[in-house]
Amino acid sequence: MKQLKRALIALLCAALPLGCTGCAEGTLLTEDHTRRIGVVLKTMDSEHWQEIRSGMENTAKEHGAALTLLYPSNEWAEEEQAVFIRDMLASDIDALIVAPCNSTSTGWFADQAAEQGLPLFTADTRAIDRDIPYIGSDNKTVGAMAADYLVEHVGPGAPCAVIAGAAVQAQTVDRVGEFRRRMEERESAPLAVRMENSGFADAMETTETLLEQGVRGIFCASAAMGLGAAAARQERGAEDLCIIAVDTQDDALKAVQEGSLDALITQSGYEIGEKAIETVLRVLDGEKAGNAYVESRLITADNIADFLEERGNQR
């Protein structure tokens, strides 16, 4: 097998009287009644995904569950991720959580999980082509919040734009779709929508082009994109440009605190990870599966201090 960037994590609550009967390559073998949860995420190259992993690890440990977690080299590495999903489906697990790289191509593993009687969930990114229980943000709400903020701060009819990720990922589809609908409802249709594999550098370059086109407000569908847009604004001295982004990570919160980002819509990776494991364990205990959403809050210079204090108390 190709050497792929991956993490194998097995966790067992030390307080439980369950022993490791044998360990190999990071996989912990436990007593039969320990709940084994397989997880395949999209990447580990940002603070958001690292927070999701921490939330999953800590919650699994707290509940005495064994967790095996894998991820490809980046969130667009669909073929790499498929290898890991197949590995999980062939392993001895009680439930599987996937954050799909391609939300439109989940049917193959959803069907196989159903054949095996294996409970299947999605986290952070929902499936589009299958109805699979989802744990994460309500991304339509996120898109609506971003539209309302921009209209209020740049005025109705002012040219705005969206910088988002790949159109095969559901959170992008949901955020951008609702943003556009809400903007049109308020008679402020966005001037441009960029939906590609955008990161910091791409967002910075795109923002420079948008500034030349007279854009007054930009909705960035992730913190990395927001920080890229903020860097372009600073470089061009475009202080009138209003930027709102998504995610709850330290560098983005600092940017709001310092004024380089105007607003941030929260999406706690840790809470997504925590809630995903809790949801799976409840279903394994007999509860009916369903969607579970994390809170989305609008953070600006006006409430960033209170939010950071609250966040620090929770850690």
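The rules we used
Residues numbered from 1 in each chain as written. Predicted model: local features only at pLDDT ≥ 70, side-chain atom pairs only at ≥ 80, totals over all residues. Heavy atoms only, no water. Helix = DSSP H or I, 4+ residues; strand = E, 2+ residues; numbered from the N terminus. Pairing = 2+ DSSP bridges. Axes fitted to C-alpha atoms, helices over the stretch in contact; angles between N-to-C directions. Contact = heavy atoms within 4.5 Å. Parallel < 35°, antiparallel > 145°, perpendicular 65-115°, else oblique. Left-handed = near helix turned anticlockwise from the far one by under 90°.

A.B. asks: How should the environment of Asp240 be read in this particular structure?
C.D. replies: Looking at the secondary structure, you find Asp240 in the loop between helix 7 (223-236) and strand 11 (242-246). Distance in space between the C-alpha atoms of Asp240 and Gly217 is 8.6 Å, their sequence separation being 23 residues.

A.B. asks: Where do I start with the sheet that holds strand 5 (residues 95-98) in this structure?
C.D. replies: Strands pair in a sheet through their backbones, by hydrogen bonds, and they do so in one of two ways: parallel or antiparallel. Within the open sheet, the 6 strands sit side by side as 4-3-5-6-7-13. Their pairing is parallel. Taken across any chain shown, the strands that pair with only one partner, and hence form the sheet edges, are strand 4 (66-70) and strand 13 (292-294). Adjacent strand axes in the sheet meet at a mean angle of 20 degrees, parallel and antiparallel pairs treated alike. In the sheet, strand 5 pairs with strand 6 (residues 120-123) via 3 bridges, with the strands oriented parallel. Note that in strand 6 the partner of Ile97 across the bridge is Phe121. Along the sheet, helix 1 (residues 47-62) contacts strand 3 (36-40), strand 4, strand 5 and strand 6; its crossing angle with strand 4, the most-contacted strand, is approximately 165 degrees. Sheet strands in contact with helix 2 (residues 78-89) are strand 3, strand 4 and strand 5, and its direction is about 170 degrees off that of strand 3.

A.B. asks: Explain the packing of helix 4 (residues 139-154) against helix 5 (residues 170-185) here, please?
C.D. replies: The description of two helices packed together rests on the angle between their axes and the distance between the axes. Contact geometry for helix 4 and helix 5: axes closest at 7 Å, N-to-C directions at 40 degrees. Taken together, helix 4 and helix 5 sit at an angle that is classed as oblique. You can see that helix 4 and helix 5 cross each other, and the crossing is right-handed. Judged by residue contacts, Asn139, Lys140, Val142, Gly143, Ala144, Ala146, Ala147, Asp148, Leu150 and Val151 of helix 4 engage Gln171, Asp174, Arg175, Glu178, Phe179, Arg182 and Met183 from helix 5.

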